[in-house]
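# Observations on the model geometry
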Amino acid sequence: MDIKKSNRKRHLDTLLTATTWTFAVLTLTALMFIVGHILINGVPHLTPSLFEMRWTTENVSMMPSILSTAMMVVITLCLVVPLGMFTSIYLVEYAKKGSRYVKVIRQATEILAGIPSIVYGLFGSLFFVNFMGLGLSLIAGALTLSIMVLPLVIRTTEEALKSVSDGFREGAFALGSGKLRVVFRIVLPSAVPGILAGVILATGRIVGETAALIFTAGTAPNIPQNLYGSVRTLAVHMWSLSGEAFHTNEAYATAVVLLLIVLIINTVAAAIAKALNSGRIK
């Protein structure tokens, strides 16, 4: 019986290993196909005219959209990261374990995380654009995206804080440190890599968002003069070009730049996380 159980377990392990490798290969193949298709069709059409500072119907420059995307990311993260971090700190460090209030907040964040982006766009259009009178603007788009990515930041930060060993907290308390000092000097530095991962995911969603921004930020292809100017992010720019039969090649070129931006963000964030883990940044 023991031999049969051992053989059955060995066969099951082999099957699970083969299944895992199969799906891993399929995922990698799909990724390589998508990236290769974009590079083959986009790289030959990367011309200097696409990077001119002023957009025209002739050059369909993406540079204003790149700058608008950068502004959208910075403003949204400035709104979301502090709020998401302090909310997570309260839920993990200060709220009572098993509190009904905490359960309601966590359930609300899970529900908000599953709402389609088009719904956020409609809400932003009704509330920020019309009710608050912000119009199709950079700030209306940033506020809408803030609500959309806030649940993601809260959940990832919460999990990062939970992953910090309770021994760190107990040791600091034993040495006479106060609660606030323990949180900001012991817990948060240890949780920074996990928090950074959530910020990266939020940044990726902001950069790639289209539906919510079409209804709130607009599609103006020029660099905004202030927070109340209409903007076109890089993803919206690519969507707009793909709908025009005469600019399909430029849409592929825009996709190449978008991939490059995401790669740079992930590379820089990985380097920062590695430095934090190795203790080079204090």
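Residues numbered from 1 in each chain as written. Predicted model: local features only at pLDDT ≥ 70, side-chain atom pairs only at ≥ 80, totals over all residues. Heavy atoms only, no water.

## What to know about the confidence of the model for the protein chain
Put simply, the test is: Per residue, pLDDT captures the predictor's confidence, and it can take any value from 0 to 100. Under the scheme used here, helices are H or I runs from DSSP no shorter than 4 residues and strands are E runs no shorter than 2 residues, and both carry numbers assigned from the N terminus.
The pLDDT averaged across the protein chain works out to 87; a share of 96% of its residues lies at or above 70. For the protein chain, helix H6 (residues 166–174) is the element with the lowest average pLDDT, namely 80, and helix H4 (residues 117–131) is the one with the highest, namely 93.

## Examining the pattern of salt bridges
Just so we agree on the cut-off: Here, a salt bridge means any Lys or Arg side-chain nitrogen found within 4 Å of an Asp or Glu carboxyl oxygen. Relative accessibility thresholds used throughout: buried, under 20% of the residue-type maximum; exposed, over 50%; partly exposed, between the two (1.4 Å probe, protein chains only).
Scanning all chains against the criterion turns up eight salt bridges. Where Glu-93 meets Arg-169, a salt bridge forms, and the shortest distance between an N and an O atom there is 2.7 Å. Highlighted residues: Glu-93 in helix H2 (residues 63–94) and Arg-169 in helix H6, separated in sequence by 76 residues. When its relative accessible area of 9% is taken as the criterion, Glu-93 is described as buried. The partner of Arg-155 in a salt bridge is Glu-159, with the nearest N and O atoms 3.8 Å apart. Placement of both Arg-155 and Glu-159 in helix H5 (residues 138–162) is noted, with a separation of four residues, approximately one turn of the helix. Residue class for Glu-159 comes out partly exposed when judged on its relative accessible area of 42%. Among the charged side chains, a salt-bridge network with shared partners connects Arg-106, Glu-110, Arg-155, Glu-158, Glu-159 and Lys-162.

## Details of the packing of aromatic side chains
Which entries qualify depends on this criterion: Two aromatic rings, drawn from Phe, Tyr or Trp (for Trp, its six-membered ring), form a pair once their centres lie within 6.5 Å of each other, and the interplanar angle then sorts them: stacked below 30 degrees, edge-to-face above 60, tilted otherwise.
Under the defined criterion, the tally for this structure stands at six aromatic pairs. Aromatic side chains Phe-123 and Phe-127 sit 5.6 Å apart centroid to centroid with 10° between the ring planes, which places their arrangement in the stacked category. With Phe-123 and Phe-127 both in helix H4 and four residues apart, the pair spans about one turn of that helix. Assessed through its relative accessible area of 40%, Phe-123 is described here as partly exposed.

## Here we look at the nonpolar core
Selection criterion: Buried residues of nine kinds, namely Ala, Val, Leu, Ile, Met, Phe, Trp, Tyr and Cys, make up a nonpolar core once their side-chain atoms join them within 4.5 Å. Residues are treated as being in contact if the distance between any of their heavy atoms lies within 4.5 Å.
Among the nonpolar cores identified, the biggest contains 39 residues, and Met-72, Leu-77 and Ile-206 are the most heavily contacted of them. Only H2, helix H3 (100–113), H5, helix H7 (179–208), helix H8 (211–216), helix H9 (234–242) and helix H10 (248–278) provide two or more residues apiece to this core. In terms of residues, this core owes the most to one element, H2, which gives nine residues. Those residues within four positions of Met-72 in sequence are excluded, and the remaining contacts are Leu-138, Gly-141, Ala-142, Leu-145, Ile-206, Leu-213, Ala-217, Val-231 and Thr-233.

## Observations concerning the environment of Ser-61
The residue Ser-61 is located in the loop between helix H1 (2–42) and H2 in this model. Accessibility expressed as a relative area gives 0% for Ser-61, which makes it buried. Between the C-alpha atoms of Ser-61 and Ser-49, which are twelve residues apart in sequence, the distance is 6.3 Å. Non-local contacts of Ser-61, meaning those with residues more than four positions away in its chain, are made with Ser-49, Leu-50, Phe-51, Glu-52, Arg-54, Trp-55 and His-237.

## Overview of the side chain of Thr-76
In this structure, Thr-76 sits in helix H2. Owing to a relative accessible area of 0%, Thr-76 belongs among the buried residues under this scheme. Not counting residues up to four positions away in its chain, the partners in contact with Thr-76 are Ala-142, Leu-145, Ser-146, Val-149 and Ile-206.

## As for the environment of Ser-137
Let me state the cut-off plainly: Nitrogen and oxygen atoms within 3.5 Å of one another constitute a polar contact, given that in protein one can donate a hydrogen and the other can accept it, and given that sequence-neighbouring residues count only through two side-chain atoms.
The residue Ser-137 is located in the loop between H4 and H5 in this model. Its relative accessible area of 0% is what places Ser-137 among the buried residues. Sequence separation between Ser-137 and Thr-233 is 96 residues, and the spatial gap between their C-alpha atoms is 12 Å. Excluding residues that lie within four positions of it along the chain, Ser-137 makes contacts with Thr-216, Ala-217, Leu-227, Tyr-228, Gly-229 and Ser-230. Polar contacts involving the side chain of Ser-137 include one to the main-chain carbonyl oxygen of Leu-134, which spans 3.2 Å. Among the polar contacts listed, one links the side chain of Ser-137 to the backbone nitrogen of Ala-140, at a separation of 3.3 Å.

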